[in-house]
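These are the residues of each chain, in order.
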Amino acid sequence: MLNEILPPHIDNTYRGHRLALWLFAVILVVKAGIALGTMFNGRAAAQTADGIPLESFGAAGAAAVVSLFAIWGLSQLVLTVIGVLVLVRYRAMISLMFALFLFEHLVRRVIFLVRPIARTGAPPGLYINLTLLAAMIVGLVLSLRRRADLPLPQ
């Protein structure tokens, strides 16, 4: 399994299940949309998608949260661009990218458990994140499955 996540040769030969490629592409589109939304419309993303009551933070606090959302969006966009590069040119790294996306997502959840943010209501971002988490787990498992039509790498 380690050879699938960290392939000895980084080329465009993908050895996992083909459905994982399509799932990876969908995840990239969703992550790009989230990244761009938080970068360019962070206030709305914080209030609607994440249920953060910015009006209770004061002007400086709300501005800081919106700025942090923009910075987080940029980091997500960078990961997404790397994912697009992997999908187009270095498909041997698909499993690694699924693992990295999962790691980032799970560690972010742990950080929010340790450092919770006040939220109002049941924001839809939770359901989008749970769907992404499930898709990333399924994609990782599928990407680790070897296709029988390809020889083992030397």
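Here's a quick rundown of the structure. Quick caveat: nothing in here was measured; it's all calculated off a predicted structure.

Before going further, it helps to spend a moment on helix 2 (residues 18-40). Across its 23 residues, helix 2 extends 34 Å between first and last C-alpha, which sits within 8% of the 33 Å expected from 1.5 Å per residue. Those residues of helix 2 that fall on the buried side of the exposure criterion are Ala20, Leu21, Phe24, Ile27, Leu28, Lys31, Ala32, Ala35 and Thr38. Contact partners of the buried residues in helix 2: helix 3 (42-49), helix 4 (58-88), helix 5 (94-114) and helix 6 (125-144).

What follows deals with the packing of aromatic side chains. Tallied over the entire structure, the rule returns three aromatic pairs. Between Phe24 and Phe98, the ring centres sit 5.1 Å apart and the planes meet at 70°, which makes this aromatic pair edge-to-face. Taken together, the residues span a long stretch of sequence, with Phe24 in helix 2 and Phe98 in helix 5 at a distance of 74 residues. Both residues of the pair, Phe24 and Phe98, count as buried. Put simply, the rings of Phe24, Phe98 and Phe101 touch in pairs and so form one group of aromatic residues. Taking NZ or CZ as reference, Lys31 lies 5.1 Å from the ring centre of Phe101, over its face. When the ring centre of Phe112 is taken as reference, the NZ or CZ atom of Arg119 above it lies at 5.4 Å.

This brings us to the nonpolar core. Membership of the largest hydrophobic core comes to 23 residues, with the highest contact counts inside it found for Phe24, Ile27, Leu87, Ile94, Phe98, Phe101 and Met136. The set of elements that each furnish at least two residues to this core consists of helix 2, helix 4, helix 5 and helix 6. It is helix 6 that contributes the most residues to this core, seven residues altogether. Residue contacts for Phe98: discarding those within four places in its chain leaves Ala20, Phe24, Ile27, Ala135, Met136, Gly139, Leu140 and Ser143. Grouped together as the second largest cluster of nonpolar side chains are seven residues, Ala46, Ile52, Val65 and Phe69 included.

About the thresholds
Residues numbered from 1 in each chain as written. Predicted model: local features only at pLDDT ≥ 70, side-chain atom pairs only at ≥ 80, totals over all residues. Heavy atoms only, no water. Helix = DSSP H or I, 4+ residues; strand = E, 2+ residues; numbered from the N terminus. Expected span 1.5 Å × (residues − 1). Buried < 20%, exposed > 50% of the residue type's maximum accessible area, 1.4 Å probe, protein only. Contact = heavy atoms within 4.5 Å. Phe/Tyr/Trp six-rings, centres within 6.5 Å; stacked < 30°, edge-to-face > 60°. Lys NZ or Arg CZ within 6 Å of the ring centre and 35° of its normal. Core = buried A, V, L, I, M, F, W, Y, C linked by side-chain atoms within 4.5 Å.

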